[in-house]
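# Overview (structure and organization)
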Amino acid sequence: MRQVAATRQHRQLPPDTSRKLSASRKEAASLTLREIHCPYCDFLVEKVYLGITVGIDKVKAACESAKQNPAEENSFRQLRLNQWVKQVVRWMPMEKWDRCAFATSEDNLEGRVCYGGLDLSSTTDITAFVLVFPPLDEEDKYTVLPYFWIPEDNI
């Protein structure tokens, strides 16, 4: 069996490359990670070289866009603010959804125009029957009456 000897060769870097590496090491050593907060919503932005890797103008623009479009919020929080989020896409902020609630009575809806939708289940999913009453005038709101159930054997 023949033995192979491994040798390590060190080669001298060209002076220009050596100078650039040295300058890069010094610059990297002088950078510090900073805790910053989003200027609009006070989300904590962790470990960002603000102005180096991410410009504050980009953070502000992304924040404003996320405020206008809830579907972008989780992407903004995950990619710009380094925050863990549960949903991939958020359709509507829950506080906006909650502001849509109002009391209604089925008796008051009798005789009104109504549209219905039925989604039947077969074995394990939910059956849904939803009634939608359009507004009577500009001041009125849509009224939605949802009914959900599952087969009794699956309870």
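Now for a look at the structure at hand. Not measured: the values here are computed from a predicted model.

Reading guide: rules and limits
- Residues numbered from 1 in each chain as written.
- Predicted model: local features only at pLDDT ≥ 70, side-chain atom pairs only at ≥ 80, totals over all residues.
- Heavy atoms only, no water.
- Helix = DSSP H or I, 4+ residues; strand = E, 2+ residues; numbered from the N terminus.
- Buried < 20%, exposed > 50% of the residue type's maximum accessible area, 1.4 Å probe, protein only.
- Polar contact = N/O pair within 3.5 Å; in protein donor to acceptor, adjacent residues only side chain to side chain.
- Salt bridge = Lys/Arg side-chain N within 4 Å of Asp/Glu carboxyl O.
- Expected span 1.5 Å × (residues − 1).
- Contact = heavy atoms within 4.5 Å.

## Structural notes on the environment of Glu64
Structurally, the position occupied by Glu64 is in helix H2 (residues 56–68). Residue Glu64 is classed as partly exposed on the basis of its relative accessible area of 33%. Expressed as a C-alpha distance, the spacing of Glu64 and Phe76, which sit 12 residues apart in the sequence, is 9.8 Å. Within polar-contact distance, the side chain of Glu64 engages the side chain of Gln68 at 3.1 Å.

## Topic: the pattern of salt bridges
Summed over the entire model, instances satisfying the criterion amount to 1 salt bridge. Here Arg112 ties to Asp140 by a salt bridge, and the two come within 3.5 Å at their closest N and O atoms. Here the residue Arg112 occupies a position in the loop between helix H5 (106–109) and strand E3 (115–119), and Asp140 occupies one in the loop between strand E4 (127–133) and strand E5 (143–149), the gap between them amounting to 28 residues. A relative accessible area of 18% places Arg112 in the buried class. Asp140 sits in the partly exposed class, given a relative accessible area of 29%.

## Describing H2
The terminal C-alpha atoms of H2, which comprises 13 residues, lie 19 Å apart, in line with the 18 Å expected from a rise of 1.5 Å per residue. Buried residues along H2 sit against helix H3 (70–79).

## Side note on the side chain of Ser121
Take Ser121: it is sitting in the loop between E3 and E4. Owing to a relative accessible area of 19%, Ser121 belongs among the buried residues under this scheme. Polar contacts involving the side chain of Ser121 include one to the side chain of Thr127, which spans 2.4 Å. Setting aside residues no more than four positions away along its own chain, Ser121 makes contact with Ile126, Thr127 and Pro151.

Spatial relationships are all this shows, so hold off on functional conclusions.
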